[in-house]
Amino acid sequence: MLHVDQALKQYFGYDSFRPGQKEIVEAVLAQQDMLVLMPTGGGKSLTYQLPALLLPGLTIVVSPLIALMQDQVSRLQANGIEATFVNSTLPYEEGARRERAAMSGQIKLLYVAPERLLKPSFLAFLEHVNKTIGLSLLAVDEAHCVSEWGHDFRPEYRQIGSVRSRFPDMPVLALTATATERVREDILVQLKLREPMVHLASFNRPNLSYEVRKKHKGSYDELVQFLRGKAGESVIIYCLSRAGVEKLSAELEQDGIDNLPYHAGLSPKVRTDHQNRFIRDDVPVLVATIAFGMGIAKPDVRAVIHYDLPKNLEGYYQESGRAGRDGQPAECIMFFSYSDRVRTQYFINQKENEQQQIIALQQLQQVFKYSESSECRRRILLSYFSEEFPEANCGNCDNCLQTAQLEDRSDDGRTFLTGVHQTRERFGLYHVVDVLRGANTQKIRDFRHNLLPIYGHGKKYSREEWFLLGQALLQEGFLAEDRHENYSTFRLNAKSVKLLKGETEFYQKMVAQPTSRQAAP
Ligand code: ADP
Ligand code: ZN
């Protein structure tokens, strides 16, 4: 067999392996089941493509997106590698012809969509291949799709494990850029990996800077100013909804910022056109929903801005990670507002499936933690992937760069904790806030909380301000949270008692003041 280094050069024209690639390739060649966790752009594809070429039989690659599949296959074919795909876009005859070509050994890599994999006719085809030329490998790309905890759950992925049971001798290689502990566990179990080796690459992207900005009335002007400062460099702006994309895109256009919208409501033709014009640098700014980006490799995106709150940190990592693929400095900015938070929570509560609701709320909680914390943003992001970031200061996020301004909120903190105490530690933050503000809600009347001594003692702050203070107390460990099925209640702990007794102080990070509006040049 060709040495792997020679094969790398011969088939792909590369002089050396990227970190981790060689170990993975060698393990796969030794029939080892593997889970590979590597950030996007790390070079995962090669870790199954190269073994596929060196092993005698057929390699099956499961991939969730038809566009990705086609793209990979054309690239391989351009390198003279025998690869093809079968999916629902093909006429029946063409699919059958490709399967015959694979059976005769003319094809080394066959890409399939997961729903195809499980069709009886395809399973029969696999049986045949297994008995003749042999199945070299089953590569499962975007393997996080098996997990409800991933950002892109596909129920069909759940059944891939049954294929593994049917062909026990075929090694399985699962690949993903999602590395949370839960997803990792799910993949190992669902795909029935056998004594798997897990390859976990670092997810840190040192060239990306992270920043969270408060969203307020002046944010739009801030954004315009930022884009003017970028002067023609590529920037992606993510919004939550199609309507949000359209609105922002039109406003920016009016303000002379050349941009194009991208969302699933546009026709495929328009979408492709806008995407291509962005990639070719015809237009510097793309305003998009998260429909944009998977499998897109534009190396020189200088900033990714989340104008609305992302749904989870996983998605945030992936989307913001589209900046700076060339390794040059690039910025990741998230706009955070309380109303976005409420809106997202509202959408989640509309979900039918309770399990999914719980997952979505927990994930949202992580986004709040990221955006409200005064800790290093990089450390929080990486800890989400169970990766430790050992340095105290990353030197490239807002929290590390500007040591946060802290404000002594001990008195207000005591008021809040008193509210928690007098309502007998059995309620959520909002109810406590309503009591402090002297609200006249049904719940307050039902529990007669209008009779409490603390009732109405906190009228000087808005509901939002009190809520943020409650959150900050929680964050700093002055409150304990009890999670129930789909709500939380809060109680005092040793630290809160200390604060109440005046034995310690409570500092809250000051909300960044809106930068003053500047006149357009
Ligand atoms: P991933 O699937 O992990 O997102 P890809 O497999 O698409 O990453 O690889 C990212 C890019 O790196 C591709 O353009 C690929 O051609 C390139 N690449 C992969 N391995 C190597 C290597 N050993 N040397 C040089 N370039 C590589
Ligand atoms: Zn930092």
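No experiment lies behind these values; they were computed from the predicted model shown.

### Points about the overall build of the chain
Working step 1: Regarding its fold elements, the chain presents 22 helices and 17 strands.
Working step 2: Here the chain, with 521 residues, has 39% of them falling under the buried criterion.
Working step 3: A separation threshold of at least 6 residues defines the contact pool for the chain, and within that pool the share at least 24 residues apart is 72%.

### Thoughts on the site of ligand 1
Working step 1: Taken together, the neighbourhood of ligand 1 is formed by Y14, F17, R18, Q21, M38, T40, G41, G42, G43, K44, S45 and L46.
Working step 2: Across the shell around ligand 1, the residue classes tally to 4 nonpolar, 6 polar and 2 charged.

### Focus on helix α15 (residues 354–372)
Working step 1: Along its 19 residues, α15 runs 27 Å from first to last C-alpha, staying within 8% of the 27 Å computed at 1.5 Å per residue.
Working step 2: Those residues of α15 lying buried are Q363, L364, V367, Y370 and S371. An end-on view of α15 places all buried positions within 105° of arc, on one side of the element. Facing away from the buried side of α15, by more than 90 degrees, are the exposed residues E354 and Q355.
Working step 3: Packing partners of the buried residues in α15 comprise β8 (208–214), α13 (313–320), β13 (330–336), α14 (338–350) and α16 (377–384).

### A short note on unusual backbone geometry
Working step 1: We note that E195 has phi near 35°; this positive angle belongs to a residue other than glycine.
Working step 2: By secondary structure assignment, the location of E195 is in the loop between α9 (181–190) and β7 (197–200).
Working step 3: Of note in this structure, E425 is not a glycine but carries a positive phi near 55°.
Working step 4: The topology assignment puts E425 in the loop between α18 (410–422) and α19 (429–436).

### Here's the deal with the environment of D141
Working step 1: Along the chain, D141 falls in the loop between β5 (135–140) and α8 (160–166).
Working step 2: In this structure D141 touches V61, V62, S63 and L175, once residues within four positions along its chain are discounted.

### A few points about the packing of α14 against α15
Working step 1: In the contact formed by α14 and α15, the axes pass within 9 Å of each other and the chain directions differ by 165°. Relative to α15, α14 is oriented roughly antiparallel. The two elements α14 and α15 meet at a crossing, and its hand is right-handed. Taking contact as the criterion, the partners of R341, T344, Q345, I348 and N349 in α14 are, on α15, Q357, A360, L361, L364 and F368.
Working step 2: When grouped by side-chain class, the residues that make up the contact of α14 with α15 number 5 nonpolar, 4 polar and 1 charged.

### Topic: the confidence of the model for the chain
Working step 1: With 97% of its residues at a pLDDT of at least 70, the chain reaches an overall mean of 90.
Working step 2: A low-confidence stretch, residues 511–521 (pLDDT under 50), is modelled with 9 contacts involving residues beyond four sequence positions or located in other chains.
Working step 3: In the model output, the complex is listed with pTM 0.66 alongside ipTM 0.97.

### Thoughts on helix α5 (residues 92–103)
Working step 1: Relative to the 16 Å expected for 12 residues at 1.5 Å per residue, α5 spans 17 Å between its end C-alpha atoms, a close match to the ideal helical length.
Working step 2: Among the residues making up α5, those that are buried are G95, E99 and A102. Buried residues of α5, viewed axially, fall in a sector of 55°; they line one side. For α5, exposure combined with an orientation more than 90 degrees from the buried face picks out E93, E94 and R100.
Working step 3: Looking at the packing, one finds that the buried side of α5 touches β2 (58–62), β3 (83–86), β4 (109–112) and α7 (120–131).

### Side note on the nonpolar core
Working step 1: Core analysis: the largest hydrophobic core is formed by 70 residues, its most contacted members being L110, V112, V140, L173, A174 and L191.
Working step 2: It is β5 that contributes the most residues to this core, 5 residues altogether.
Working step 3: Setting aside residues up to four positions removed in sequence, V140 forms contacts with V62, I160, V172, A174, L175 and L191.
Working step 4: Membership of the second largest hydrophobic core comes to 37 residues, among which are A288, A323, F335 and C376.

### Overview of the pairing of strand β9 (residues 234–238)
Working step 1: For β9, a buried count of 5 out of 5 residues is recorded, marking the element as mostly surrounded by other parts of the structure.
Working step 2: The alternating pattern of β9 places S234, I236 and Y238 on one face and V235 and I237 on the opposite face, and all of these are buried.
Working step 3: Judged from the 5 bridges that link them, β9 and strand β12 (residues 301–306) form a sheet pairing that is parallel. In the sheet register, I236 faces β12, and the bridge partner there is V304.

### A closer look at the packing of α15 against α16
Working step 1: It is the contact of α15 with α16, at a shortest axis distance of 9 Å, that shows an interaxial angle of 160°. Classified by the angle between their axes, α15 and α16 sit roughly antiparallel to one another. Crossing hand, α15 versus α16: right-handed. Note on element contacts: α16 touches α15 through R377, I380, L381 and Y384, opposite Q366, K369 and Y370.
Working step 2: Considered class by class, the residues forming the contact of α15 with α16 number 4 nonpolar, 1 polar and 2 charged.

### Observations concerning the sheet that holds β2
Working step 1: One open sheet holds the 7 strands; their spatial order is β3-β4-β2-β5-β6-β1-β7, and the pairing between them is parallel. Since the sheet does not close on itself, it has two edges, and those belong to β3 and β7, each with one partner. Strand-to-strand, the axes of this sheet are offset by a mean angle of 20°, without reference to chain direction.
Working step 2: With 4 bridges joining them, strand β1 (residues 34–37) and strand β6 (residues 172–176) adopt parallel strand pairing. From the neighbouring strand, M34 faces β6, where its bridge partner is L173.
Working step 3: Helix-sheet contacts for helix α2 (residues 21–29) involve β1, β5, β6 and β7, and the interaxial angle to β1 is about 165°.

### A look at the environment of S371
Working step 1: With respect to the element layout, S371 can be found in helix α15.
Working step 2: For S371, a count of 23 C-beta atoms within 10 Å puts it in the buried group.
Working step 3: Separated by 157 residues in sequence, S371 and K214 have C-alpha atoms that sit 9.1 Å apart.
Working step 4: Beyond its immediate stretch of four places on either side in the chain, S371 contacts V212, M334 and F336.

The rules behind each value
Counting restarts for each chain, with residues numbered from 1 along the sequence as it is written. As they are written, the chains are lettered A onward and the ligands numbered 1 onward, keeping that order. This being a predicted model, a pLDDT of at least 70 is required before a residue's local features are given, and a value of 80 or more before pairs of side-chain atoms are given or counted; all residues contribute to the totals for chains, interfaces and linings. A helix here means a DSSP run of H or I that spans at least four residues, while a strand means a run of E at least two residues long, and both kinds are numbered starting from the N terminus. Exposure classification rests on a simple neighbour count of other C-beta atoms within 10 Å of a residue's own: a residue reaching 20 or more is buried, one at 12 or fewer is exposed, and one in between is partly exposed. C-beta atoms are placed from the backbone. Note that contacts rest on C-beta atoms placed from the backbone: two residues are in contact if these are within 7 Å. Here, nearness means that the C-beta atom of a residue, built from backbone geometry, sits within 6 Å of the molecule or strand in question. Here the nonpolar group is Ala, Val, Leu, Ile, Met, Phe, Trp, Tyr, Cys and Pro; Asp, Glu, Lys and Arg are the charged ones; every other residue, Gly included, is treated as polar. To estimate the expected span of a helix, count its residues, drop one, and scale the result by 1.5 Å. The arc refers to the directions leading from the helix axis to the C-beta atoms. Helix axes use the C-alpha atoms of the stretch in contact, all axes being lines fitted to C-alpha atoms, and the angles between their N-to-C directions lie in the range 0 to 180 degrees. Angle categories: roughly parallel below 35 degrees, roughly antiparallel above 145, roughly perpendicular from 65 to 115, and oblique for all the rest. Whether a crossing is left-handed or right-handed is set by the direction in which the near helix is turned from the far one by less than a right angle, anticlockwise for left-handed and clockwise for right-handed. The predictor reports its confidence for every residue as pLDDT, a score running from 0 up to 100. As used throughout, a nonpolar core is a set of buried Ala, Val, Leu, Ile, Met, Phe, Trp, Tyr and Cys residues joined through C-beta atoms within 7 Å of each other. At least two bridges found by DSSP between two strands is the condition for calling them paired.

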